[in-house]
Amino acid sequence: MPELPEVETTRRGIAPLIVGQPIEDFIIYHPQLRWPVCQSLPTRLQNQTVQSCKRRGKYLLVGFDKGYQMIHLGMSGSLRHVSAGQPLEKHDHAEWRLPGVRIVYNDPRRFGAILWHDKADGPIEQHPLLSRLGVEPFSDEFTVQTLIKGFKNRRQAVKNTLLSGQIVVGVGNIYASEALFKAGINPQAPAGSLSAYRLTRLHQAIVDTLQAALEAGGSTIRDYLNATGEAGAYFELHAQVYDREGQPCPRCQRPIKRIVQAQRATYFCSHCQRH
DNA sequence: AAATGATCCTGAGAGC
DNA sequence: TGCTCTCAGGATCATT
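Conventions and cut-offs
- Residues numbered from 1 in each chain as written.
- Chains lettered and ligands numbered in written order.
- Predicted model: local features only at pLDDT ≥ 70, side-chain atom pairs only at ≥ 80, totals over all residues.
- Heavy atoms only, no water.
- Near = heavy atom within 4 Å.
- Polar contact = N/O pair within 3.5 Å; in protein donor to acceptor, adjacent residues only side chain to side chain.
- Nonpolar A, V, L, I, M, F, W, Y, C, P; charged D, E, K, R; others polar.
- Pairing = 2+ DSSP bridges.
- Helix = DSSP H or I, 4+ residues; strand = E, 2+ residues; numbered from the N terminus.
- Axes fitted to C-alpha atoms, helices over the stretch in contact; angles between N-to-C directions.
- Contact = heavy atoms within 4.5 Å.
- Buried < 20%, exposed > 50% of the residue type's maximum accessible area, 1.4 Å probe, protein only.
- Salt bridge = Lys/Arg side-chain N within 4 Å of Asp/Glu carboxyl O.

1. Quick look at the protein's contact with DNA strand C
Here is step 1: Lining the immediate surroundings of DNA strand C are 16 residues, of which His72, Met75, Tyr242, Arg258 and Arg264 lie closest.
Here is step 2: Sugar and phosphate atoms constitute 59% of the interface atoms of DNA strand C, taking the interface as everything within 4 Å of the protein.
Here is step 3: Between DNA strand C and Lys58, the relevant distance is 3.2 Å, taken from a phosphate oxygen to a side-chain nitrogen or oxygen of the residue.
Here is step 4: One of the side-chain N or O atoms of Tyr59 is found 3.1 Å from a phosphate oxygen in DNA strand C.
Here is step 5: When grouped by side-chain class, the residues that make up the surface near DNA strand C number 8 nonpolar, 3 polar and 5 charged.

2. Remarks on the sheet that holds strand 6 (residues 92-98)
Here is step 1: Spatial ordering of the open sheet is given by 1-6-7-5, a layout of 4 strands whose pairing is antiparallel. Of all the strands in the sheet, just strand 1 (25-28) and strand 5 (78-82) have a single pairing partner and so form its edges. Strand-to-strand twist of the sheet, defined as the mean angle between neighbouring strand axes without regard to direction, takes the value 20°.
Here is step 2: Relative to strand 7 (residues 101-106), strand 5 runs antiparallel, the two sharing 5 bridges. By the bridge assignment for strand 7, Leu79 is matched with Tyr105.
Here is step 3: Docked against the sheet, helix 1 (residues 4-18) engages strand 5, strand 6 and strand 7, running at close to 150° with respect to strand 7.

3. Considerations on the pairing of strand 7
Here is step 1: With 6 of its 6 residues buried, strand 7 lies for the most part within the structure.
Here is step 2: Where burial is concerned, the two faces of strand 7 agree: the one with Val101, Ile103 and Tyr105 and the one with Arg102, Val104 and Asn106 are both buried.
Here is step 3: In this sheet, strand 7 lies alongside strand 6 in antiparallel orientation, the contact comprising 6 bridges. Its bridge partner being in strand 7, Glu95 is matched across the sheet by Val104.
Here is step 4: Linking two consecutive strands that pair antiparallel, namely strand 6 and strand 7, is a turn of 2 residues; a positive phi of about 75° is found at Gly100 within it.

4. Comments concerning the environment of Gly100
Here is step 1: Mapped onto the elements, Gly100 comes out in the loop between strand 6 and strand 7.
Here is step 2: According to the relative accessible area criterion, Gly100 is exposed, its value standing at 82%.
Here is step 3: Separated by 17 residues in sequence, Gly100 and Ser83 place their C-alpha atoms 8.1 Å apart.

5. Examining the pattern of salt bridges
Here is step 1: All told, the structure shown has 10 salt bridges when counted by the stated rule.
Here is step 2: The salt bridge involving Arg44 is made with Asp118; its shortest N-O contact spans 3.5 Å. Here the residue Arg44 occupies a position in helix 2 (residues 41-45), and Asp118 occupies one in strand 8 (residues 113-118), the gap between them amounting to 74 residues.
Here is step 3: On the basis of relative accessibility, which here comes to 33%, the residue Arg44 falls in the partly exposed class.
Here is step 4: The salt bridge involving Asp92 is made with Arg80; its shortest N-O contact spans 2.7 Å. Taken as a pair, Asp92 in strand 6 and Arg80 in strand 5 lie far apart in primary sequence, 12 residues in all. The residues Asp92 and Arg80 share a single accessibility class, namely buried.

Shown next as structure tokens:
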């Protein structure tokens, strides 16, 4: 499941291959993703030079003169760099061809998306899918104050607030459990109930957790491939609580609990993580 | 307004 | 072995 570190790893993998190069062909094999891939995109992109390859939250933003391709990997999406003549695989839905380079979008569960944002419709930051996102966790904008202000008066469970991406982006289901464990905070605690001290710990835990995953090359559960088609490092092997129901807490040895919050599995230690 | 629930989809794993 | 069933998960949209 691509979370922010996986998306960033993908971005770093493909950016050097595509920036400054013209799109010779953009081919849609199967437009049925979360939203249908716009059928006029191949024509629109042909001979357009890739100006940039950025990321906002979990969206990859491939910049052109006239707009951006917005790519989301959903739950099971990946981009891989394939060589000429290499056959397609199951669930390959689209392909970019640049001089000497083929990038293929694969997504078994098709929760991902490939969209077009035209510059004529305004700055990319104001796109409806991006405009309400929280701050980037690796930017200077993300401080303890971000959490203090963002969580204020929220009665929602802190795990759900983190997952919403409205305060800080990039904390998906796996890393939410991990960061809260690291910070010693019960995932069910109302976001607005946490002291400044505890939010200081949470801020540090989020940065540390995402940074560690990024350095590991992006975590994965089972079906993530990085930009070169290599399997990512298996971060969950290093997970302290995620997917470890019943196993001993690394800190106190009591069994880790699994609960469901907003229809998502949460793993935590009820002894080490307090309200 | 804020919070929760349904929903898209496929593959893996469990259970029979 | 093979069938059926459940579950996982990001993020939007609908509903309470």
